[in-house]
Protein chains: 2
Amino acid sequence: MVGGDAGGMSAASEARRRRGPEELQITAFERGEHTSYSACGIPYWIGDVVDGPERLIARDARTFRDEYAIDARVRHEVAEIDLANREVVVRDLDGGGEIREPYDHLVIATGASPIRPDWPGADAEGIFGVQTLDDGATLRAALDRDPRPTRAVVVGAGYIGVEMAEALVNRGLDVTVVEQAEQPMATVDPDMGILVGEAMRGLGIAVRTSERVTGFASGDGRVTAVLTERSEIPADVVVLGLGVRPNSDLAEKAGLPLGVAGGVVTDLRMRVPGHDGIWAAGDCVQTVNLVTGQPTYVPLGTHANKQGRVAGTNIGGGYATFPGVVGTAVTKVCDLEVARTGLRERDATAAGFGYITVTIDSTNRSSYFPGSQAMTVKLIAERRTGRLLGGQIVGRAEAAKRIDVLAVALTNRMTVEEMTALDLGYAPPFSPVWDPVLVAARKAAQAVARR
Amino acid sequence: MVGGDAGGMSAASEARRRRGPEELQITAFERGEHTSYSACGIPYWIGDVVDGPERLIARDARTFRDEYAIDARVRHEVAEIDLANREVVVRDLDGGGEIREPYDHLVIATGASPIRPDWPGADAEGIFGVQTLDDGATLRAALDRDPRPTRAVVVGAGYIGVEMAEALVNRGLDVTVVEQAEQPMATVDPDMGILVGEAMRGLGIAVRTSERVTGFASGDGRVTAVLTERSEIPADVVVLGLGVRPNSDLAEKAGLPLGVAGGVVTDLRMRVPGHDGIWAAGDCVQTVNLVTGQPTYVPLGTHANKQGRVAGTNIGGGYATFPGVVGTAVTKVCDLEVARTGLRERDATAAGFGYITVTIDSTNRSSYFPGSQAMTVKLIAERRTGRLLGGQIVGRAEAAKRIDVLAVALTNRMTVEEMTALDLGYAPPFSPVWDPVLVAARKAAQAVARR
């Protein structure tokens, strides 16, 4: 395994489950300090919502060694893949020195890294990406230094940006988020992103949209402000939430095929095509968008785990495939839950779909039931056929996981008309008699019929 | 419309939406006091969780008259359907007298009534079924009388029985539930029903299972005890939770076809076959179980609303169908959420399926996230094919509505293997990295592969 987080260690564990140590020797090299951790939990650790870093680690290197007979070596970085000789060149980052390690199967699970544009001043101290547990520890140390930082700027209002902004507010900092798009959370359409912006402002976060960062000012090598086209925003600490890019340099240097956004190309079994015994999984690979049928790049822990397990199953002599994703994601800002799946309007347009959209307001429970809260559901469906193309849900409680209904409907290429008959759970504590998803499907079916 | 609750008034409203008062005259006869109310909310009204009865009424007769131009007449009972003359005979229950009302289209939406076995003593005062808003008012009055009843016995531990038991505990009564099956909540398999029984006992409810009621003792015409094969349980008030049967006598007398459990037979458009212009919807009709393809009887408000809307769409000149149900239901006992869909083991056996079952324990959120609570998921899948046949979920929070994922999967005849790749929403506040449904699907796929 090249990489000891979700993709790599899921592959290792599953392969081990199927083939014992006498049959298959498994070694995993991880350049960081930790194996198998929840990167998605890091913002909650930073925000003191959960303890860390230990609680975020599913299994440490010792556990892999002792209980799984997997030789997991942290602080070991694979520097080169030598396809011709079926070897990897590994650097011991603490002990020093290089070794060459032969392999029959190689799983590339190198993950992704935060995007750091080469803006002027971007190498100043105090500017952080948050992807690994080590990144999280570095940021926490920076928040605890003396004098304590009081002003934070988050660049980018995607998942990590929004979650980090809330975490930093929880830590008592003044937080400004700068986003170049017209609304935060560009993974949903702007009309839904407005609701996210309102929730962020409700937390006391300064949200500046349609504003492009141009660089950083610094003093004594330490960041002092974020510079934008319009202004200079003072900052003691800056967090980059600009998304990630796959760590695929190693694969590229070895001559392996890269696809969308530089993700490693694999087949359904997570094999790298044309290279016998080479596999890839996790945030470093491209995958398939099941709605468009096109390749896409969606780094997410849940996909990494599934892909790793598929690779491990196949390496272990079994049969498994990872067909692709529909693009489901959920998050929350304070008590506002935000969920999306499938295509946004711009994705549908880009893919060549003609579509209708509908947006409805409903509630999580029967309106007369205590705890009833507002929920907004937006659906996008193909013109004429009425095939569901995507959906977004924003609400105050029990909203986000309703997106799963849409995700399963998308997977099965249901039409919104078919969806109006779905037999979803109803009881007053859980749903109005027409579930919000059904109300939206009904309205969408009417819109399709009119076009 | 014969009947002014969910089925009838959904049909009336939808027909009106499509055809104005100048085109279509709509009259609805309701023998009770109220139109369009949430019967499912009654236990929560009894338990003082929600206000009532007004809050449970979606639209009253006046609203239908004034805003929808629908002549909704409460306390009017249809006594006879005269198919030959296309008329109904209607009794004015308050004013007295009978009228004959002609129709072009007739919607039979007579609902269902609690099953009252003809046990000895069953006609004593103090024994209540809970189906209509009027039933709810009667029971509330009985609970408020002087001297106040202190001991309640609920006969039957299905949805209504369990919900009513909790409501009565909320009102401060000592509550005993008597159930002839081996576990409460026979709509789930006994291994899941055990968990419901534990939760009920945790509320202080005395749960007596595998015990058959034989009759009632009474004094001065008022119930004093419930008699079983084994004992005599003192009772000031008795609630029957033995399920309901369709109010299809009227249809039967008119010679209309009845099916499973006496439900009125309809086609996909909710027409009664062979009888032009006769429709039926709601708790009085039989429907189709989409998993077995067989007719079934599932009285539930959410189906009634959908069926009514389908009938109304068709009467209004549109096109809509109600394909059937997969059998989804959710409820809660205190903070224990219980959900089911598709076939139980006994249903699968009865239908002739060979199957495997798996049960897994997981959590609603990432285990390290605050508020993480246990959840149990059981899946039933066909042998060989691995097709999902049913599922049940019991958990403490954010558990029940996860059943919707299984409901959509059932509707689309997914296999458990296919389900392992579902792109369900993941973030630490909402799910472990492997959603409990995925963990169960994975284990089920392994079980299928082994058989």
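What you are looking at is a predicted structure, and each value in this text was computed from that prediction instead of being measured.

1. A word on the pattern of salt bridges
Residue and element names in this part refer to chain A. By the definition in use, this model includes 60 salt bridges over all chains. Note that R100 and E87 form a salt bridge whose closest N and O atoms lie 2.6 Å from each other. With R100 in strand β5 (residues 98-102) and E87 in strand β4 (residues 87-92), this pair connects stretches of sequence that are 13 residues apart. Of the charged contacts, one joins D191 and K378 as a salt bridge, the two residues approaching to 2.9 Å between their closest N and O atoms. Of the two residues, D191 is situated in helix α6 (residues 190-202) and K378 in strand β23 (residues 374-382); the sequence distance between them amounts to 187 residues. For D191, a relative accessible area of 37% puts it in the partly exposed group. Of the residues examined, K378 reaches a relative accessible area of 1% and is grouped as buried.

2. Things to note about the domain arrangement of chain A
All names here are of chain A. Assigned domains of chain A: these are domain 1 (6-113 + 245-315), domain 2 (116-242) and domain 3 (335-450). Once you take the C-alpha centre of each, domain 1 and domain 2 turn out to be 29 Å apart. Across the contact, 19 residues belong to domain 1 and 18 residues belong to domain 2. Here domain 1 and domain 2 share an interface that buries about 1500 Å² over both sides, 64% of which is from carbon and sulfur atoms. The three residues of domain 1 that bury the most area against domain 2 are P43, W45 and I46, which together make up 40% of that side's buried surface. Connecting domain 1 to domain 2 are 2 salt bridges. The partner of R171 in a salt bridge is D48, with the nearest N and O atoms 3.8 Å apart. There are 4 residue pairs in polar contact (both at pLDDT 80 or more) connecting domain 1 and domain 2.

3. Structural notes on the confidence of the model for chain A
Low-confidence regions, as indicated by low pLDDT, have predicted coordinates that should not be scrutinised in detail. Mean pLDDT for chain A: 96, with 100% of residues reaching 70 or above. Taken together, the chains of this predicted complex give a pTM of 0.96 and an interface ipTM of 0.95.

4. Here we look at helix α5 (residues 159-170) of chain A
All names here are of chain A. With 12 residues, α5 extends 17 Å between its outermost C-alpha atoms, agreeing within 8% with the 16 Å of an ideal straight helix rising 1.5 Å per residue. Along α5, the residues that are buried comprise G161, V162, E163, M164, A165, E166, A167 and L168. G172 sits one or two positions beyond α5 and adopts a positive phi of about 90°.

5. Quick look at the sheet that holds strand β3 (residues 76-82) of chain B
Residue and element names in this part refer to chain B. Pairing is antiparallel across the open sheet formed by 3 strands, whose spatial order is β3-β4-β5. If you trace the sheet from one side to the other, it starts and ends with β3 and β5 (98-102), each paired once. Taken over all neighbouring pairs, the strand axes of this sheet differ in orientation by 30° on average, direction set aside.

6. Concerning helix α12 (residues 436-450) of chain A
Under the 1.5 Å per step criterion, the end-to-end length of α12 of chain A is 21 Å for 15 residues, consistent within 8% with the ideal 21 Å. Residues of α12 of chain A that are buried: P436, V437, L438, V439, A440, A441, A444, A445, A447 and V448 of chain A. Buried-residue contacts for α12 of chain A involve β22 (355-363), β23, β24 (388-395), α10 (403-411) and α11 (416-419) of chain A together with α8 (301-315) of chain B. The backbone nitrogen of V437 of chain A has a side-chain oxygen 2.9 Å away, supplied by the residue at the start of α12 of chain A, namely D435 of chain A.

7. Some points on the relation of the copies chain A and chain B
Structural alignment of chain A on chain B gives an RMSD of 0.0 Å, achieved by rotating through 180° and translating 0.0 Å along the axis. On the angle and the small slide along the axis, the relation comes out as a two-fold axis. Using C-alpha coordinates, one finds that chain A approaches the rotation axis most closely at V405 of chain A, a distance of 2.7 Å. Most of the interface of chain A is mirrored in chain B: 100% of its interface residues are interface residues there too.

8. Describing the pairing of β4 of chain A
Residues and elements named next belong to chain A. Relative to β4, strand β3 (residues 76-82) is paired through 6 bridges, and the arrangement is antiparallel. Counted as the bridge partner of H76 is D92 from β4. Turn length for the β3-β4 hairpin, with the two strands adjacent in sequence and antiparallel, is 4 residues, and the turn residue R86 shows positive phi of about 50°. In this sheet, β5 lies alongside β4 in antiparallel orientation, the contact comprising 5 bridges. Bridged to V88 within β5 is E101. Here β4 folds back onto β5, and the loop between the two strands holds 5 residues, one of which, G96, carries a positive phi near 80°.

9. Thoughts on the interface of chain A and chain B
Every contact between the two is made by 58 residues of chain A and, on the other side, 58 residues of chain B. Area buried by chain A at its contact with chain B is led by Y368, D423 and F430 of chain A, which between them contribute 16% of it. For the salt bridge of K401 of chain B with D435 of chain A, the shortest nitrogen-to-oxygen distance reads 2.6 Å. Summed over the shared surface of chain A and chain B, the result is 22 residue pairs in polar contact (both at pLDDT 80 or more). Mapped onto the side of chain A that touches chain B, the elements with two or more residues apiece are α8 (301-315), β20 (329-333), α10 and α12 of chain A. Across the side of chain A that touches chain B, the residue classes tally to 29 nonpolar, 17 polar and 12 charged.

10. A look at the sheet that holds strand β14 (residues 232-234) of chain B
Residue and element names in this part refer to chain B. Taking strand neighbours across the sheet as the criterion, the 3 strands line up as β12-β13-β14 in an open arrangement whose pairing is antiparallel. In this open sheet, the two strands that pair with only one neighbour each are β12 (213-219) and β14. In this sheet, adjacent strand axes meet at a mean angle of 30° when their direction is disregarded. Here 3 bridges tie strand β13 (residues 222-228) to β14, and the two strands are oriented antiparallel to one another. Residue L227 lies in a different strand from β14, and its bridge partner there is E232.

11. A short note on unusual backbone geometry
Following G52 of chain B, the chain continues into P53 of chain B via a peptide bond in cis, with omega recorded as -10°. With omega at 0°, the peptide bond leading from D146 of chain B into P147 of chain B counts as cis. Within the element layout of this structure, P147 of chain B appears in the loop between α4 (133-144) and β9 (151-155). Not every positive phi belongs to a glycine, and E398 of chain A is a case in point at roughly 50°. Counting through the fold element by element, E398 of chain A comes out in the loop between β24 and α10. Judged by its relative accessible area of 32%, E398 of chain A is partly exposed.

What counts, and at which threshold
- Residues numbered from 1 in each chain as written.
- Chains lettered and ligands numbered in written order.
- Predicted model: local features only at pLDDT ≥ 70, side-chain atom pairs only at ≥ 80, totals over all residues.
- Heavy atoms only, no water.
- Salt bridge = Lys/Arg side-chain N within 4 Å of Asp/Glu carboxyl O.
- Helix = DSSP H or I, 4+ residues; strand = E, 2+ residues; numbered from the N terminus.
- Buried < 20%, exposed > 50% of the residue type's maximum accessible area, 1.4 Å probe, protein only.
- Domains from an automatic or database assignment.
- Contact = heavy atoms within 4.5 Å.
- Buried area = accessible area lost by both parts, 1.4 Å probe.
- Polar contact = N/O pair within 3.5 Å; in protein donor to acceptor, adjacent residues only side chain to side chain.
- pLDDT = per-residue confidence, 0-100.
- Expected span 1.5 Å × (residues − 1).
- Pairing = 2+ DSSP bridges.
- Axes fitted to C-alpha atoms, helices over the stretch in contact; angles between N-to-C directions.
- Least-squares fit on C-alpha atoms with pLDDT ≥ 70 in both.
- Nonpolar A, V, L, I, M, F, W, Y, C, P; charged D, E, K, R; others polar.

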